[in-house]
Amino acid sequence: MSKAPRLRAVIVDDEELARERLRCFLLDEADIEIIGEASSGSAAVRLIADKRPDIVFLDVQMPGLDGFGVLRSIAQSYAPAIVFVTAHDAYAIRAFEVQAVDYLLKPVTRLRLHNATERAAARVRTNASEGKTRSENERAIAAVLASVPLSDSGPRIPIRRDGRTDFVSIAAINWVEAHGDYLTLHTTQQTFELRQTLTELVEVLPSDEFLRVHRSYVVRIARVASIRSVLRGGYELTLADSATVPAGRTYRDVVRDTFKSA
C-alpha cells in the first residue's frame, strides 16, 4: 500500500518569531511539507493563490489585511483547510464558536499544534477521498466569515505595542507617513506606529476615501483643506489639522484629477 502524499502547508504570521516557532514544530510532522511563508495578509493572498496549499496556518491579528480579510480575499477562488493562530481576542472567539476550523492559541505548544495538524490533515484527506475538498472547505470558511461582521475586521487596524494590541479605526486616520517598513498613522487625537509597508496598507484602505500622493504619503481625501503647486512639478497639500504633505511628480495627474480645483 502506497504512503499518502504529504500535505502542503503555508504559514502566515507577521511576527518572525511566531513563524519560526510554527516552522520548527511543523518540521517534526511527517505528513506536512512547508511550501511557503508570508509575513502579511496581502502577501498571504498572493502566496495561497500561487501555491494552492492544502492547509494554511493563519494568524488572526495582522496589520492591514488581517486573517479574516485573507479569508474574504481567497473565498471565491480557493479554499484550503484553515488553522487559525491567535492571541485570543474577542472577535476571534466568536468565529471559533462555530467550530468550522481549528485554532491555536499563542504561544503555540508542540502538542496542541500536532493535534490541530492531525485534525486538519484528516479533514483534507477525507474530503479528497469523497471528492468534495473545495465544497467542504468553502462551507467552513463561509461559516467563519458569517460569524465575524465585516465591521469587526475591515475598519480597524491592529497595532501591537507594549505587550498589548490596540485597534485603530480606519475611519479615524487622516494621513499616513512611511519610513521604510514602518508607518505613522495620524489621527485627530494621536499617532500610531505600525510595522508595515505603505503599499500593503494601501491595499486595504478604501480607494474612494484615501489617495496615495507620494511614495511615502497617503491622505484622506476629505481632510485635504488646500492644495498648491510647488517647484519641480509637484503639489503641497495642507490638511485640516494644518499638517502639510508633499505630492510628488509621479502622482501629479491623479492629484490633479482628484482635486479639480488644483
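Residues numbered from 1 in each chain as written. Predicted model: local features only at pLDDT ≥ 70, side-chain atom pairs only at ≥ 80, totals over all residues. Heavy atoms only, no water.

Asks: It is not clear to me how the pairing of strand β15 (residues 244-247) should be interpreted in this structure. Could you clarify?
Replies: The side chains of a regular strand alternate, first on one face of the sheet and then on the other. Here β15 shows a buried face lined by Val245 and Ala247 and an unburied face lined by Thr244 and Pro246. Pairing between strand β14 (residues 235-239) and β15: four bridges, direction antiparallel. Bridging across to β15, threonine 238 finds its partner in threonine 244. Counting the residues that bridge the hairpin from β14 to β15 gives four residues, and of these serine 242 lies at a positive phi of roughly 80°. (Buried < 20%, exposed > 50% of the residue type's maximum accessible area, 1.4 Å probe, protein only. Helix = DSSP H or I, 4+ residues; strand = E, 2+ residues; numbered from the N terminus. Pairing = 2+ DSSP bridges.)

Asks: Any chance you could explain the side chain of aspartate 59 here in plain terms?
Replies: Tracing the sequence through the fold places aspartate 59 in strand β3 (residues 55-59). Judged by relative accessible area, aspartate 59 falls into the buried class, the value being 1%. For aspartate 59, the side chain forms a polar contact with the main-chain nitrogen of glutamine 61, separated by 3.4 Å. Aside from chain neighbours lying at most four places away, what touches aspartate 59 is Val12, Asp13, Asp14, Gly67, Val85, Lys106 and Arg160. (Polar contact = N/O pair within 3.5 Å; in protein donor to acceptor, adjacent residues only side chain to side chain. Contact = heavy atoms within 4.5 Å.)

Asks: How should I be thinking about the sheet that holds strand β11 (residues 210-214) in this particular structure?
Replies: Strand pairing in a sheet takes place through backbone hydrogen bonds and is either antiparallel or parallel in direction. The five strands lie next to each other as β10-β9-β8-β12-β11, forming an open sheet whose pairing is antiparallel. Every interior strand has two partners, whereas the edge strands, β10 (191-195) and β11, have only one. Averaged over all adjacent pairs, the angle separating strand axes in this sheet is 20°, with direction ignored. With three bridges joining them, strand β8 (residues 173-179) and strand β12 (residues 217-220) adopt antiparallel strand pairing. (Axes fitted to C-alpha atoms, helices over the stretch in contact; angles between N-to-C directions.)

Asks: What is the right way to look at helix α2 (residues 41-51) in this model?
Replies: One turn of the α-helix equals 3.6 residues, which is why residues spaced by three or four share an orientation. Listed in full, the buried residues belonging to α2 are Gly41, Ser42, Ala43, Ala44, Leu47 and Ile48. Arginine 52 sits one or two positions beyond α2 and adopts a positive phi of about 50°.

Asks: What exactly am I supposed to notice about the sheet that holds strand β1 (residues 7-12) here?
Replies: Taken in spatial order, the five strands of this open sheet run β2-β1-β3-β4-β5, and their pairing is parallel. Here the strands that pair on one side only, and so sit at the sheet edges, are β2 (32-38) and β5 (102-105). The average angle at which neighbouring strand axes cross in this sheet is 20°, direction not considered. The strands that α2 touches are β1, β2 and β3; relative to β2, the one it contacts most, it runs at about 140°.

Asks: Whenever I open this one, the packing of aromatic side chains confuses me. Can you help?
Replies: Where two aromatic rings form a pair, the distance of their centres and the angle of their planes describe that pair. Enumeration over the complete set of coordinates arrives at two aromatic pairs. Sitting over the ring of tyrosine 103, arginine 112 keeps its end group 5.9 Å from the ring centre. (Phe/Tyr/Trp six-rings, centres within 6.5 Å; stacked < 30°, edge-to-face > 60°. Lys NZ or Arg CZ within 6 Å of the ring centre and 35° of its normal.)

Asks: Help me understand the packing of α2 against helix α3 (residues 67-74), please; the structure alone is not making it clear to me.
Replies: Between two packed helices, what matters for the description is the angle formed by their axes and the separation of those axes. Look at α2 against α3: their axes get within 9 Å of each other, and the N-to-C directions meet at 35°. Read as a crossing pair, α2 and α3 show a hand that is right-handed. In contact with Gly41, Ala44, Val45 and Ile48 of α2, α3 contributes Val70, Ser73 and Ile74. Residues belonging to the contact of α2 with α3 are distributed by class as follows: five nonpolar, two polar and no charged. (Left-handed = near helix turned anticlockwise from the far one by under 90°. Nonpolar A, V, L, I, M, F, W, Y, C, P; charged D, E, K, R; others polar.)

Asks: For this particular structure, what's the right way to read the pattern of salt bridges?
Replies: Evaluation of the coordinates by the stated rule reveals 13 salt bridges. Between glutamate 37 and arginine 19 there is a salt bridge whose closest N-O contact spans 3.5 Å. Highlighted residues: glutamate 37 in strand β2 and arginine 19 in helix α1 (residues 16-26), separated in sequence by 18 residues. Judged by its relative accessible area of 31%, glutamate 37 falls in the partly exposed class. Judged by relative accessible area, arginine 19 falls into the buried class, the value being 13%. Among the charged side chains, a salt-bridge network with shared partners connects Asp13, Glu15, Asp59 and Lys106. (Salt bridge = Lys/Arg side-chain N within 4 Å of Asp/Glu carboxyl O.)

Asks: Before we go on, may I ask you to explain the pairing of strand β13 (residues 224-229) in this structure?
Replies: Inspection of the sheet shows β13 paired to β14 by five bridges, in the antiparallel sense. Opposite valine 224, over in β14, you have leucine 239 as the bridge partner. Linking β13 to β14, which pair antiparallel, is a turn of five residues; within it arginine 232 sits at a positive phi near 70°.

Asks: Whenever I open this one, the environment of arginine 119 confuses me. Can you help?
Replies: Within the secondary structure, arginine 119 sits in helix α5 (residues 110-129). On the basis of relative accessibility, which here comes to 47%, the residue arginine 119 falls in the partly exposed class. C-alpha of arginine 119 to C-alpha of valine 83: the two residues are 36 residues apart in sequence and 9.6 Å apart in space. Setting aside chain neighbours within four positions, we find arginine 119 in contact with Asp102 and Arg112.

Asks: Help me out: how do you make sense of the side chain of serine 42 in this one?
Replies: Take serine 42: it is sitting in helix α2. Apart from residues lying up to four places away in sequence, serine 42 is in contact with Leu65, Glu200 and Glu203.

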